[in-house]
Amino acid sequence: MRFFNTNGHFRSFGLGCLGALLLAALLPACTQDPIFAMIAREVKPREPQIKGVPTKMVVFEYGSQKAVFVGASSLHRYIQVNGQAVWDSAIPQPPGKIIDLAATENYLYALTNADSPALYRLGKQAPIWEQVSFPHADFPRLQAIYGAVDDKGMPLSDYIFVGSLANSLGKDDRTDYAVYRAKDSGGAALSFTALKEGTSLLSGAAYDGNNYYFSTKGDGVYWLGGSSPVMVTGKENVRGMIRVDSSILALCYGGDILKIDGTGSTVLNSTGTGHYLRGPAAVYRTANGQRTRLLTAVIARDSYSNTYGYREIDITTGPILSSVPGEIILLEPGTPPYGTMDDVNRYRDTIEPKPVNAIFQVPSDIDPEMTLFASIQGTGTMKNDTDGGLWSYRAREGGWQWNAE
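Notes on the structure in this doc start here.

Procedures and definitions
Residues numbered from 1 in each chain as written. Predicted model: local features only at pLDDT ≥ 70, side-chain atom pairs only at ≥ 80, totals over all residues. Heavy atoms only, no water. Buried < 20%, exposed > 50% of the residue type's maximum accessible area, 1.4 Å probe, protein only. Helix = DSSP H or I, 4+ residues; strand = E, 2+ residues; numbered from the N terminus. Pairing = 2+ DSSP bridges. Axes fitted to C-alpha atoms, helices over the stretch in contact; angles between N-to-C directions.

### So, the pairing of strand β16 (residues 212-216)
Burial analysis of β16 places five of its five residues in the buried class, the great majority of the element. Burial along β16 is two-sided: the residues Y212, F214 and T216 and Y213 and S215 are all buried. Pairing of strand β15 (residues 202-207) with β16, which is carried by five bridges, proceeds in the antiparallel orientation. Pairing of L202 across the sheet is with T216, part of β16. As paired elements, β16 and strand β17 (residues 221-223) share three bridges and run antiparallel to each other. By the bridge assignment, Y213 is partnered in β17 with W223. With antiparallel pairing between neighbouring strands as the criterion, β16 and β17 make up a hairpin whose turn holds four residues, including G218 at a positive phi of roughly 135°.

Structure, rendered in structure tokens:
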């Protein structure tokens, strides 16, 4: 049986301690023992319908209908049918297992086959996927793809950004990668331009309405406002970027959140000891569409162990949507003031032990319920892969909970 310390982390108890706790639970004076609350909120793991380690989620309009796409061993689409959002895999499938997805205004892109990566694209009305040629011999091995999107996940441009690995590796992952960009309007074959060679792995791309940016895992953020990329930060390990309104935020592994513009960056937050930002982020909205939280995947460390899950940042006030400096506070889901959840213990029981590789709230015009999804990296040790796959936060038997979709 699992028990939690005051920080929400696992501790194991021997049979003797377990027996003592059960005996205490039977005493009349202990009818409110926390063990009963634990049993009452216990969540039965579900078998995910999308298994493995799903990709990030992207929005794309295919066949004249907007949908959320996610990839794993195959491509899946979340689409509205008769006023209700449902999963549908009856769509053209790219060859091979999908390791990354991205979308522009014109195409959906899939990076497939980790052992021998290949890039494919699907047009809005296309019946099949078209393979994209990438003739760059010095950095031939594609690793990551990104489009520039708004805070609802909608594509903002016709540029696709790709990160690729060198043909012959050195000893420094700050110089083993390159970043390229291509414009996909007009339907012609893509011509990739090298933005930066001898850098770190591409970790994000963004557009603020005037300027483009890309981020790297160890070489900071670059602005594409001139004839060549200009670094607007130091050499931070930036794990992801997100646009919130017209602000571009870079999430650094060490805990800082940077607000980016064409002239530089401002540190908005230093989370301090114990919190590391993994990169995935999403904007969370309430039922009336009000933008209230920035959700960010984390690693939380203390003297006992690591936990994962995500944290919330209130964006109704503070410096993210304002030019006024201020402190950003990471909130554990389920703690006042409430955001995505209203029960911190259920958060700790379900998603907190899991690494979150992507998090996304579905726009209301696709799903009226605005469901919150997360791509979960499991351990692969539980029966039927119930510890990983695509998860969602929904009302199920036993109440609102994070569980496999």
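### Some words on the sheet that holds β17
Taking strand neighbours across the sheet as the criterion, the four strands line up as β15-β16-β17-β18 in an open arrangement whose pairing is antiparallel. Sheet topology places β15 and β18 (230-231) at the edges, where each strand pairs with a single neighbour.

### Examining the sheet that holds strand β12 (residues 159-165)
Read from one edge to the other, the open sheet built from four strands follows the order β11-β12-β13-β14, with strand pairing classed as antiparallel. Because the sheet does not close on itself, it has two edges, and the strands there are β11 (141-146) and β14 (193-199). When strand polarity is set aside, the average angle formed by the axes of neighbouring strands in this sheet is 20°. For β11 and β12, the ladder comprises five bridges, and the chain directions are antiparallel. Note that in β12 the partner of Y146 across the bridge is F161.

So yeah, pure geometry; function would need other evidence.
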